[in-house]
Protein chains: 2
Amino acid sequence: MEAFVGSVVDELEGMLAPGQVDVREAALRRYAVDQAPVIDFHLPLAVVFPQSVADVQAVVRSCAARGVAVVARGAGTGVSGGAHATRNCIVMSLERMDHILALNPDDETAVVEPGVVNAVLNEAAAVHGLMYAPDPASFRTSTIGGNVATNAGGLRCAKYGVTRDSVLALDVVLADGSLLHTGHQTFKGVAGYDLTGLFVGSEGTLGIVVGITVRLKYLPHEVHTVAAFYPDFRVAAAGVLAVGKARVQPAIMELLDGGTLAQLDDIHGSNLTARGGSLLLVQTDGFGAEAEAEVVRRVLRSGGAVVTAEANAEAERLVELRRHSRGAEVDDEYRVGEDVAVPRSRLVDYVGELENMAARHNVNLKVVAHAGDGNLHPTFWIERDGQGVDAGAMERLQRALDESITAALDMGGTITGEHGVGQYKLRWLGQEQPEPLRQLQRRIKDLFDPEGILNPGKAILP
Amino acid sequence: MEAFVGSVVDELEGMLAPGQVDVREAALRRYAVDQAPVIDFHLPLAVVFPQSVADVQAVVRSCAARGVAVVARGAGTGVSGGAHATRNCIVMSLERMDHILALNPDDETAVVEPGVVNAVLNEAAAVHGLMYAPDPASFRTSTIGGNVATNAGGLRCAKYGVTRDSVLALDVVLADGSLLHTGHQTFKGVAGYDLTGLFVGSEGTLGIVVGITVRLKYLPHEVHTVAAFYPDFRVAAAGVLAVGKARVQPAIMELLDGGTLAQLDDIHGSNLTARGGSLLLVQTDGFGAEAEAEVVRRVLRSGGAVVTAEANAEAERLVELRRHSRGAEVDDEYRVGEDVAVPRSRLVDYVGELENMAARHNVNLKVVAHAGDGNLHPTFWIERDGQGVDAGAMERLQRALDESITAALDMGGTITGEHGVGQYKLRWLGQEQPEPLRQLQRRIKDLFDPEGILNPGKAILP
């Protein structure tokens, strides 16, 4: 086995340029994990940095010939472990394939390499009055390739859709090293089966995305932001439904609970907790932004909110704070962030359930939600002191996590709205998907990757 | 063979209620075809009308056991032959499964049987200030199931997306008669591979859709319609780009050429041709509709349009006329409507090419376009007199059709934006999709339908 291992790294070093293959301990450690809790740690055999489609093809062919797994990754900002190294694998970082190959303002499309950072594409598009709509919280560092792998969401999805809705075509290196082009350069196209959609969200398990054609949307003419403080999280959640009932479609509708406000105050020295126990941030955009914001203010006030008369600039600062509400923390075994979604009508019930669970199991809770989508990110955690935590605390944390998933599913929800299953959420996937559906997905995986070398053990149940 | 055939119909008659199996000649003829040109006519063995998921399962199992094909259909309004009967088949009309099973105004979702007519769902949703966004020209008669099968588009797709963008979950009867549930009841969900997207647009070749969960959007607060007449089709096409450059996103942007205006005048007694050689209809909606319409008017006027000062009501009547611009005609071998899409920047070039082709081959041409999407419906035809047409005319028609496809592909376009490949467009599919992509699709078809009983010979190349 070691002889084989030696030979794949040797071959990669022979094929690629100096600096494209890294086997130093520090690099292996750094690229072994993404930002998810680690439950099965492995060091990769090497980290490779392809600079072209041909590089990716060569690496895949070399690994395929030896049964070595390939774990592709963008910036490693995922929080489900989709980019965690697996046993006997090469980690392929696509960060150096970071060119915007084309930006067509009249077509309102762009063609990018997978390593292009979301924010970089948005800056380039903004010059032409355009934007790339999906905006995960990691948009300043995460890559379009990684966003495609997880079908990433973000703040403005309720109005502008998720990654899948912005992807028109893909170039994909398959498990045998061949290059496939799917989709169309046009906004609409229905020739043949939708393989583009099948690759989006498949977390590198069906192929490695090496080129992406995206549709761009128009940068909004005008943006208005409303900050509504509530005494109570559940009443704030009810505000989300009230805006919906007024049939106003905000671009952003973010719900923050008291725990999140306290954390933001800690980090940024703000005084949010003094102003309320929960905050609903609503941003309207486009030519009707002002009129929509006026309706939103009226509706939220009549639901018990204190809607500040503050200027847009101040409310927008709150949206920026929200974008950073993950703080610097990375999840670990003591602190786990979730990504459930529930039908909108169940938001208030679900938020209440979460608070009850945290109290019942004596664990800490904070929640932020892309509330317009019914997509919630509760984080449960237990405090550590110098001695670590006792087994009882760990068990309480796990029970709260499991209950939060079960409650979401019972309400017609899903275990993951936008983060992906990766490795960490596999334990819950069977609760959402019955065996016939799991089997069909395994058969699709087998069709695309019969030897199982592409990111094995991720995204679907074995 | 006849014995087998007899037995499948006998078995179906035994399993289903009286009136659910029709073998009368008139019914077989009526259900043998959709609205596409017929190139390979077959009568089905029987037409069945399931009224439940269990009925669909029973029919599929019975057919599967005997190797009899199942061609599912909604209202039969397709124009690519996706619902044409094939050799030794049962046609399954889902028109009697027409119940709206749930309409959840707070969740902004609905669950429907496949035979629910698009307009009926929209009427039910409108009571709650909601709409089902995809609006193919056939929306008054076509079914949601049929819309899903073809991933139907429509007039307001540029702003609101195509069918795929509104479908959250599906119930599908597979080729072995088992029932699969895919997707999620929530707006967002990324657990496992996107099988929902794979079924949408697969034209009944991977499974039979028996239940659909859709996302509803908000009925617009306000609608403004702008009618812009131009002397010339190409200049009108340039107007589409000008609106895009102003970064206004209309709900509807329909382009009609002189041939279409003349036809509308013929049918409706209007005087459109007297007012211009081409018409661009732009509809803005939402809270910013008026401000957007004002920008549109300014931009189009400065591009040479005569923008009428007529009231909304009058312009909206033109949109209604446009919705009926297919007229009563059904395509046949002498008259073929196309469904190409090109990148937006190529609209003007492509429109010019079409006019040149029609002149070069001495065939008639009319064009309507969902211009915001770059999706064009040119119709080429030759006149018949009592004696029919000569072979030379038929050949000229075919040459014009082939050239219109090649020109679209050369510009980075697709052979079908929203109608589907069905049977009629198979002849061009190989020009768009290279063999490796075709092979992968065949392997997916084999995975879902190993015996090839589901709508064989459609959607993908053999």
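Analysis parameters
- Residues numbered from 1 in each chain as written.
- Chains lettered and ligands numbered in written order.
- Predicted model: local features only at pLDDT ≥ 70, side-chain atom pairs only at ≥ 80, totals over all residues.
- Heavy atoms only, no water.
- UniProt positions renumbered as here; feature names shortened; annotations may be inferred.
- Helix = DSSP H or I, 4+ residues; strand = E, 2+ residues; numbered from the N terminus.
- Buried < 20%, exposed > 50% of the residue type's maximum accessible area, 1.4 Å probe, protein only.
- Contact = heavy atoms within 4.5 Å.
- Areas by Shrake-Rupley, 256 points an atom, 1.4 Å probe, with all protein chains shown as cover.
- Lys, Arg positive; Asp, Glu negative; His and termini not counted.
- Charge placed at Lys NZ, Arg CZ, Asp CG, Glu CD.
- Buried area = accessible area lost by both parts, 1.4 Å probe.
- Salt bridge = Lys/Arg side-chain N within 4 Å of Asp/Glu carboxyl O.
- Polar contact = N/O pair within 3.5 Å; in protein donor to acceptor, adjacent residues only side chain to side chain.
- Nonpolar A, V, L, I, M, F, W, Y, C, P; charged D, E, K, R; others polar.
- Expected span 1.5 Å × (residues − 1).
- Domains from an automatic or database assignment.
- Pairing = 2+ DSSP bridges.
- Phe/Tyr/Trp six-rings, centres within 6.5 Å; stacked < 30°, edge-to-face > 60°.
- Axes fitted to C-alpha atoms, helices over the stretch in contact; angles between N-to-C directions.
- Parallel < 35°, antiparallel > 145°, perpendicular 65-115°, else oblique.
- Left-handed = near helix turned anticlockwise from the far one by under 90°.

Per an unreviewed UniProt entry, chain A carries the name Glycolate oxidase subunit GlcD and comes from Arthrobacter nitrophenolicus. Quoted verbatim from the Cofactor (unreviewed entry) heading of the UniProt record, the comment on chain A is "FAD".

Undergrad: So what's going on with the overall build of chain A? Which residues, and what values?
TA: The number of helices and strands found in chain A is 17 helices and 18 strands. C-alpha extents for chain A along the principal axes are approximately 70 × 60 × 45 Å. Put simply, chain A has 462 residues, and 63% of those count as buried. Contacts in chain A between residues at least 24 apart in sequence constitute 72% of all its contacts with a sequence separation of at least 6. Surface summary for chain A: the accessible area is close to 15800 Å², and the carbon and sulfur share equals 51%. Within chain A, one finds 41 positive and 59 negative side-chain charges whose respective centroids are separated by 3 Å.

Undergrad: Describe the interface of chain A and chain B, listing the residues and the values that go with them.
TA: In this assembly, 82 residues from chain A lie in contact with 82 residues from chain B. Of the roughly 6400 Å² buried where chain A meets chain B, counting both sides, 61% is carbon and sulfur surface. Of all residues in chain A, the largest losses of buried area upon contact with chain B belong to Lys188, Tyr193 and Arg247 of chain A, amounting jointly to 16% of the total for that side. Seen at the junction of chain A and chain B, the total is 10 salt bridges. A salt bridge links Arg247 of chain B to Glu108 of chain A; the nearest nitrogen and oxygen atoms lie 4.0 Å apart. The tally of links from chain A across to chain B stands at 28 residue pairs in polar contact (both at pLDDT 80 or more). Every element with two or more residues in the side of chain A that touches chain B is listed here: helix 6 (157–160), helix 7 (163–166), strand 9 (179–183), helix 8 (195–199), helix 9 (233–245), helix 12 (289–302), helix 16 (426–432) and helix 17 (435–448) of chain A. With 9 residues, helix 17 of chain A is the largest single contributor of residues to the side of chain A that touches chain B. Tallied by class, the residues present in the side of chain A that touches chain B amount to 34 nonpolar, 31 polar and 17 charged.

Undergrad: Quick rundown of helix 14 (residues 347–361) of chain A? Include the residues and the values.
TA: Residue and element names in this part refer to chain A. Between its terminal C-alpha atoms helix 14 stretches 21 Å, which fits the 21 Å expected from 15 residues at 1.5 Å a residue. When we look at burial in helix 14, the residues that qualify are Leu347, Tyr350, Val351, Gly352, Leu354, Met357, Ala358 and His361. Elements that come into contact with the buried residues of helix 14 comprise helix 9, strand 17 (364–370), strand 18 (375–381) and helix 15 (391–410). Backbone geometry just downstream of helix 14 places Asn362 in the positive-phi region, at approximately 50°.

Undergrad: Quick rundown of the pattern of salt bridges? Include the residues and the values.
TA: Proximity of charged atoms lets side chains of opposite charge pair with each other. Following the criterion strictly, the structure yields 52 salt bridges over all chains and no others. The residue Arg24 of chain A makes a salt bridge to Asp22 of chain A at a minimum N-O spacing of 2.8 Å. You can call Arg24 of chain A exposed: its relative accessible area is 60%. For Arg346 of chain B, the salt bridge identified is with Asp349 of chain B, shortest N-O distance 3.1 Å. Classification of Asp349 of chain B by relative accessible area gives partly exposed; the value is 38%.

Undergrad: If you had to explain the domain arrangement of chain A to someone new, which residues and values would you point to?
TA: Residue and element names in this part refer to chain A. What the domain assignment reports for chain A is domain 1 (2–93), domain 2 (100–218), domain 3 (223–323) and domain 4 (335–420). One C-alpha centre belongs to domain 3, the other to domain 4, and the line joining them spans 22 Å. The interface is formed by 16 residues belonging to domain 3 together with 17 residues belonging to domain 4. With both sides pooled, the region where domain 3 packs onto domain 4 buries about 1500 Å², and carbon together with sulfur makes up 59% of that total. Its largest share of buried area at the contact with domain 4, domain 3 owes to Phe233, Arg234 and Leu241, together 36% of the area lost on that side. Our count for the domain 3 to domain 4 interface comes out at 1 salt bridge. For Glu355, the salt bridge goes to Arg234, with nearest N and O atoms at 3.3 Å.

Undergrad: Which residues make up the sheet that holds strand 2 (residues 46–48) of chain A, and what values go with them?
TA: Residues and elements named next belong to chain A. Sheet architecture is open: 4 strands sit in the order 1-2-4-3, paired in mixed fashion. Every interior strand has two partners, whereas the edge strands, strand 1 (21–22) and strand 3 (69–73), have only one. Two elements, strand 2 and strand 4 (residues 89–93), share 3 bridges in a ladder whose sense is parallel. From the neighbouring strand, Ala46 faces strand 4, where its bridge partner is Ile90.

Undergrad: Please give an account of the packing of aromatic side chains that cites residues and values.
TA: Residues and elements named next belong to chain A. Applying the stated criterion to the full structure yields 6 aromatic pairs over all chains. Taken together, a centroid distance of 5.4 Å and an interplanar angle of 85° make the contact between Tyr31 and Phe49 edge-to-face. Placement of Tyr31 in the loop between helix 2 (25–30) and strand 2 and of Phe49 in the loop between strand 2 and helix 3 (53–66) is noted, with a sequence separation of 18 residues between them. Plain terms: the ring middles of Tyr424 and Trp428 are 6.0 Å apart, the flat faces sit at 75° to each other, and that makes the pair edge-to-face. Residue classification places Tyr424 among the buried residues on the basis of a relative accessible area of 8%.

Undergrad: Now, about the pairing of strand 5 (residues 100–104) of chain B: what can you tell me, with residues and values included?
TA: Residue and element names in this part refer to chain B. Looking at chain direction, strand 5 and strand 6 (residues 109–112) are connected through 4 bridges and run antiparallel. Directly across from Ile100, in strand 6, lies its bridge partner Val112. Count of turn residues in the strand 5/strand 6 antiparallel hairpin: 4 residues, of which Glu108 carries a positive phi of about 60°.

Undergrad: Please give an account of the UniProt feature "domain: FAD-binding PCMH-type" (unreviewed entry) in chain A that cites residues and values.
TA: Taking the numbering used here, the UniProt-annotated feature "domain: FAD-binding PCMH-type" (unreviewed entry) corresponds to residues 40–219 of chain A. In residues 40–219 of chain A, helix accounts for 24% and strand for 26%; the two terminal C-alpha atoms are 43 Å from one another.

Undergrad: Which residues make up the sheet that holds strand 5 of chain B, and what values do they have?
TA: All names here are of chain B. The 5 strands lie next to each other as 5-6-10-8-9, forming an open sheet whose pairing is antiparallel. Both edges of this open sheet fall to strand 5 and strand 9 (179–183), since each of them pairs with a single strand only. Mean inter-strand twist for the sheet, computed between neighbouring axes without regard to direction, equals 10°. With 5 bridges joining them, strand 8 (residues 167–173) and strand 9 adopt antiparallel strand pairing. Within strand 9, the residue paired with Leu170 across the bridge is Thr182. Packed onto the sheet, helix 4 (residues 118–126) meets strand 5, strand 6 and strand 10 (208–215) and runs at close to 35° relative to strand 5.

Undergrad: Residues and numbers for the pairing of strand 14 (residues 278–285) of chain A, please.
TA: All names here are of chain A. Within strand 14, 8 of the 8 residues are buried, which leaves it mostly tucked inside the rest of the structure. Burial along strand 14 is two-sided: Ser278, Leu280, Val282 and Thr284 facing one way and Leu279, Leu281, Gln283 and Asp285 facing the other are all buried. Where strand 12 (residues 223–230) and strand 14 come together, 8 bridges link them in antiparallel fashion. Its bridge partner lying in strand 14, Val226 is registered against Val282. As paired elements, strand 13 (residues 252–256) and strand 14 share 5 bridges and run antiparallel to each other. Note on strand 14: the bridge partner recorded for Met253 is Val282.

Undergrad: With reference to specific residues and values, describe the packing of helix 14 (residues 347–361) of chain B against helix 15 (residues 391–410) of chain B.
TA: Residues and elements named next belong to chain B. Contact geometry of helix 14 with helix 15 gives a least axis separation of 10 Å together with a crossing angle of 160°. Judged on the interaxial angle alone, helix 15 and helix 14 are roughly antiparallel. Where helix 14 crosses over helix 15, the two elements pack in a sense that is right-handed. Together, Tyr350, Glu353, Leu354, Met357, Arg360 and His361 of helix 14 and Arg396, Arg399, Ala400, Glu403, Ser404, Ala407 and Ala408 of helix 15 make up the contact between the two elements.

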